[in-house]
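The residues making up each chain are set out below.
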Number of protein chains: 2
Amino acid sequence: MNVYEDRLARIRREMQRREIDAMYLMMSGDLQYLTGVERQPHNPTDDDKHGDELYGAFLTPEMGPVFVVPRMGASDYVREQTRGSHWIEDIVVIDDGDRPESVASMALERMDFPARLAVSDRMWARALFRLREADPGLQLCNAARILTPMRAVKDQKETQIMREAGRITDAAFSAVLKRIRLGMTEYDIGREIEHQLVLHGGSGVSFHTTVSICGAEPAVDGETVPVQPGSVIAFDFGVVYRGYVSDFGRTVFVGNMTETGRRYHDAVMEAQATAIRAMRPGEITAAELNQKARDVLDAYGWGEYFTHRLGHGIGIDVHEPPFLYQLDDTVLQEGMCFTVEPSIRTSDGLCVRVEDVVQVTPDGGEPFTNFSRDYLVI
Amino acid sequence: MNVYEDRLARIRREMQRREIDAMYLMMSGDLQYLTGVERQPHNPTDDDKHGDELYGAFLTPEMGPVFVVPRMGASDYVREQTRGSHWIEDIVVIDDGDRPESVASMALERMDFPARLAVSDRMWARALFRLREADPGLQLCNAARILTPMRAVKDQKETQIMREAGRITDAAFSAVLKRIRLGMTEYDIGREIEHQLVLHGGSGVSFHTTVSICGAEPAVDGETVPVQPGSVIAFDFGVVYRGYVSDFGRTVFVGNMTETGRRYHDAVMEAQATAIRAMRPGEITAAELNQKARDVLDAYGWGEYFTHRLGHGIGIDVHEPPFLYQLDDTVLQEGMCFTVEPSIRTSDGLCVRVEDVVQVTPDGGEPFTNFSRDYLVI
């Protein structure tokens, strides 16, 4: 039994336990997790091909997954992705002439008219309306309740891929630092990062690369400030590698480092190190871990500069549950992966960022990116 | 009354006419159209901040729009975007400690407990579940039915911005052609396109840039083939400029052009020109226009190489209704904008692409990109 057969068997047992008759997932991290078929990266603005609202796959405890795929721009891709995947039952292609209401009816019929259907967390309203028009009595629920806990714990193969994504990220960052020159803008540096991530083996970025140059003169007329002596450059970027992602942050000081900068830097790194040490299975919740890092910065009197959650789950998607914040009482389990990013923005406009993807292990957290956390002065 | 007040007044009249009590839109092209608040570009993989499923705005015929905005990564952005926008009633910030179910209840209460709520076409299932948990009797319908016909017809200001997006696209393409050298890969050229689009004033790409090098030796081991004498390069890319987009295609022949290439090229350009001439208001439907271009290629015996729809509506999003294909019987109206792209991929592996955004006018279609449609040989 390979990894996808195993995951499909687990999801089917869980469906039966919860009296869910069928599941319809859009192209998503969930579907990649279950079948190995990667979603194509989102475009910056909305695209919409005929049948897109039903683009995905359905399954029941007895049958499927059956993929439903728009002809245009998707069917060749899915056929390529599913080649040799004997755990996939069928691919139904939606032609430009097919009415979406008929496609919805076909799907419900092949699912043997489920009473209770679990759908993707982000399934489009349009898709739900189509399905409810085809069967007005259909009860819908969120498939994430089953899939989220499964995806949160990364197995050995996933861990290996995510470690490699981390290695690519470290290597790309190292190459970028060697290429930063006075006068470069945030845009120039961002472009270099994205290029180095691809050169080092990534297939693209996991989210929009953010480079913030602060600590020197303020922006004029919305123009970004170029690198100059005294600049502080905060990085936040990540790569996609074999369907898994990284998310990484560091802070680089140009020319010299002020005493204040050094103190902020020390505090942020101490907060991160404290959190990483505490990432042991069964011993701490997501909310408690968040509080632990916050306590460190509070002790310095800088808690108010740390304005966001400590981190987020990560894997196929850049943000996945669980989340390291006060409302999430998930107990950390071995194999879970989180970003740990107690970054601050101070009242005098300095950003100190650090971020690494860290896995929960019995010996405490194991970071997948290992670029130096010491002072980085270029 | 400015453009947003006017659009909000129109949408409210339409809601009353259709007995829709309230509307909840996610951050989307629809919400930009109604309020001027631009959605941030989608990330390639899913991101998820606390409260993201309710990130958007709601309104009724009597009140709103009220924005609902996650604190993290969104509230500063929306405050900046809404500065001076007196047609926006309020901004409610979702803090990390706020329970989403309370936010959903707050929203329904402020909407005065609607019986019938219109939601975004792509509203997340998770958001709909939240709203239905807060009010199990809530009736939901698709807001696209009202918004789609409004957005399809571009007013003078939108037309001006889209013309400028076209001008940027033409200028960037011209700069790219001067920089193509033997040995460049699809990736190299794509990177140059994206750079030139930004240098010429764009804020980013509207969809993933596609460069296909065909006509020369086939790819080995999944490596892309670099440009060589005899290559045929098909381009498909677009820019975002002030919240509106372009979508553009051409075909470039490297070194020389075969007689066969010339004949395919002529046929594709004739199909496009025929369609553009026919784009007069009130005289033709989307489906008929699609057929008109198809007839030209059919007459050459190459209809089977033209495997997708003739084009799609375009504006804030790269694909918007109406769509130029057999199931869409929308009658073309003055001000509507479509891509016209009767591109072919022949059985011998040659791609001939052409694509321009074209507006419907009483004198026939007016293209917003005007780069030469003659043979392009470099």
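Since the model is a prediction, treat every value here as computed from it, not as a measurement. (Residues numbered from 1 in each chain as written. Chains lettered and ligands numbered in written order. Predicted model: local features only at pLDDT ≥ 70, side-chain atom pairs only at ≥ 80, totals over all residues. Heavy atoms only, no water.)

### Topic: the overall build of chain A
A tally of helices and strands in chain A yields ten helices and 19 strands. Since a compact globule built from 378 residues should have a radius of gyration of about 21 Å, the 23 Å found for chain A is in line with a globular shape. For the C-alpha atoms alone, the extent of chain A along its principal axes is close to 70 × 45 × 35 Å. Split into buried and exposed, the 378 residues of chain A put 62% on the buried side. (Helix = DSSP H or I, 4+ residues; strand = E, 2+ residues; numbered from the N terminus. Rg over C-alpha atoms; globule rule 2.2 N^0.38 Å. Buried < 20%, exposed > 50% of the residue type's maximum accessible area, 1.4 Å probe, protein only.)

### With respect to unusual backbone geometry
Residues and elements named next belong to chain A. Note that the residue after Gly 64, namely Pro 65, is joined by a cis bond; omega there is -5°. Along the chain, the position of Pro 65 falls in the loop between strand S2 (56–59) and strand S3 (66–70). Its identity is not glycine, yet Asp 112 carries a phi of approximately 60°, on the positive side. In this structure, Asp 112 sits in the loop between helix H4 (100–110) and strand S5 (116–119).

### What to know about the relation of the copies chain A and chain B
The pair of chain copies shares a relation made of a rotation about an axis and a shift along it. Superposition of chain A onto chain B requires a rotation of 180° combined with a translation of 0.0 Å along the rotation axis, giving an RMSD of 0.0 Å. Expressed as an axis order, the relation between the two copies is that of a two-fold axis. Residue Trp124(A), judged by its C-alpha, is the member of chain A lying nearest the rotation axis, at 2.7 Å. With an isologous cut-off of 70% or more, the 100% of interface residues of chain A that recur at the interface of chain B puts this contact in the isologous class. (Least-squares fit on C-alpha atoms with pLDDT ≥ 70 in both. Contact = heavy atoms within 4.5 Å.)

### Focus: the packing of aromatic side chains
The geometry of two aromatic rings is summed up by the distance between their centres and the angle between their planes. Residues and elements named next belong to chain A. One pass over the structure, following the stated rule, counts 22 aromatic pairs over all chains. For the pair Phe 173 and Phe 235, a centre-to-centre distance of 4.9 Å together with 75° between the ring planes defines the contact as edge-to-face. Placement of the pair is Phe 173 in helix H7 (residues 156–179) and Phe 235 in strand S9 (residues 232–237), with a sequence separation of 62 residues. With a relative accessible area of 0%, Phe 173 lands in the buried category. Ring geometry for Phe 173 versus Phe 248: centroids 5.1 Å apart, planes at 65°, classification edge-to-face. In this pair, Phe 173 sits in helix H7 while Phe 248 sits in strand S12 (residues 248–253), placing the two residues 75 residues apart along the sequence. Comparing Phe 173 with Phe 248 shows no difference in burial state: the two are buried. (Phe/Tyr/Trp six-rings, centres within 6.5 Å; stacked < 30°, edge-to-face > 60°.)

### A look at the domain arrangement of chain A
Residues and elements named next belong to chain A. The domain architecture assigned to chain A consists of domain 1 (3–150) and domain 2 (156–367). Between the C-alpha centres of domain 1 and domain 2 the distance comes to 34 Å. The partner domain 2 presents eight residues to the nine residues of domain 1 that form the contact. Taking both partners together, domain 1 and domain 2 bury about 660 Å²; carbon and sulfur atoms supply 47% of that area. The tally of links from domain 1 across to domain 2 stands at two salt bridges. Note that Arg 39 is salt-bridged to Asp 317, the shortest N-O span being 2.8 Å. Linking domain 1 with domain 2 are two residue pairs in polar contact (both at pLDDT 80 or more). (Domains from an automatic or database assignment. Buried area = accessible area lost by both parts, 1.4 Å probe. Salt bridge = Lys/Arg side-chain N within 4 Å of Asp/Glu carboxyl O. Polar contact = N/O pair within 3.5 Å; in protein donor to acceptor, adjacent residues only side chain to side chain.)

### Focus on the pattern of salt bridges
For the structure on display, the rule yields 58 salt bridges over all chains. Close ionic contact of Asp90(A) with Arg110(A) constitutes a salt bridge, the shortest N to O distance being 3.0 Å. You can see Asp90(A) sitting in strand S4 (residues 90–94) and its partner Arg110(A) sitting in helix H4, a full 20 residues away along the chain. Of the residues examined, Arg110(A) reaches a relative accessible area of 31% and is grouped as partly exposed. Across the pair Glu14(B) and Arg17(B) runs a salt bridge, and its minimum N-O distance is 2.7 Å. Placement of both Glu14(B) and Arg17(B) in helix H1 (residues 3–17) is noted, with a separation of three residues, approximately one turn of the helix. You can call Arg17(B) exposed: its relative accessible area is 60%.

### Structural notes on the confidence of the model for chain A
Of all residues in chain A, 98% have pLDDT values of 70 or greater, and the mean over the chain is 95. Scored as a whole, the predicted complex attains pTM 0.94, and scored at its interfaces, ipTM 0.94. (pLDDT = per-residue confidence, 0-100.)

### A look at the sheet that holds strand S12 (residues 248–253) of chain B
Sheet strands associate in pairs through backbone hydrogen bonding, adopting either a parallel or an antiparallel arrangement. Residue and element names in this part refer to chain B. Reading across from one edge, S8-S9-S12 is the order of the three strands in this open sheet, with antiparallel pairing throughout. Edge positions in the sheet fall to strand S8 (210–214) and S12, since each has one partner strand and no second. Pairwise comparison of adjacent strand axes, ignoring direction, gives a mean angle of 10° for this sheet. Sheet analysis places S8 next to strand S9 (residues 232–237), joined by five bridges and oriented antiparallel. Residue Thr 210 lies in a different strand from S9, and its bridge partner there is Asp 236. Lying on the sheet, helix H7 (residues 156–179) is in contact with S9 and S12; it crosses S12 at an angle near 20°. (Pairing = 2+ DSSP bridges. Axes fitted to C-alpha atoms, helices over the stretch in contact; angles between N-to-C directions.)

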